[in-house]
Amino acid sequence: MSKRFDIFLNAFTAGAPEGAPAVAYQTLVGSASAFAAASLAVRSGGVVVAIASGLPEADSLFSDLESIADEAGV
């Protein structure tokens, strides 16, 4: 995991409840959704399901996740 992603991970997950079975974020824009999904996957050590509102949004989320996967270590 890169130092840059580690900084984001700590800042983002500071408000997420430990061990929560689900977390919903409705106001994320741009690549923030991908960073959120990757952060939660790293923090939980498990699988994260990210749901997009439509096919274009799902394509963007997938592309963003591909871009940060190595940096995030997921």
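What counts, and at which threshold
Residues numbered from 1 in each chain as written. Predicted model: local features only at pLDDT ≥ 70, side-chain atom pairs only at ≥ 80, totals over all residues. Heavy atoms only, no water. Helix = DSSP H or I, 4+ residues; strand = E, 2+ residues; numbered from the N terminus. Buried < 20%, exposed > 50% of the residue type's maximum accessible area, 1.4 Å probe, protein only. Contact = heavy atoms within 4.5 Å. Areas by Shrake-Rupley, 256 points an atom, 1.4 Å probe, with all protein chains shown as cover.

Draft legend 1. How the structure looks around the overall build of the protein. A tally of helices and strands in the protein yields three helices and zero strands. In sequence order, the secondary structure elements of the protein are arranged as α-α-α. Across the 74 residues in the protein, those meeting the buried criterion constitute 24%. Considering only contacts in the protein between residues 6 or more positions apart, those separated by 24 or more positions represent 79%. Total accessible area on the protein stands at roughly 5100 Å², and carbon and sulfur atoms take up 57% of it.

Draft legend 2. Focus on the environment of Val74. With respect to the helices and strands, the residue Val74 is situated in the segment after helix H3 (55–72). Note: C-alpha distance between Val74 and Ser39 (35 residues apart in sequence) is 9.1 Å. Every residue in contact with Val74, bar those within four places of it in the chain, is listed here: Ala38, Ala41, Val42 and Ala69.

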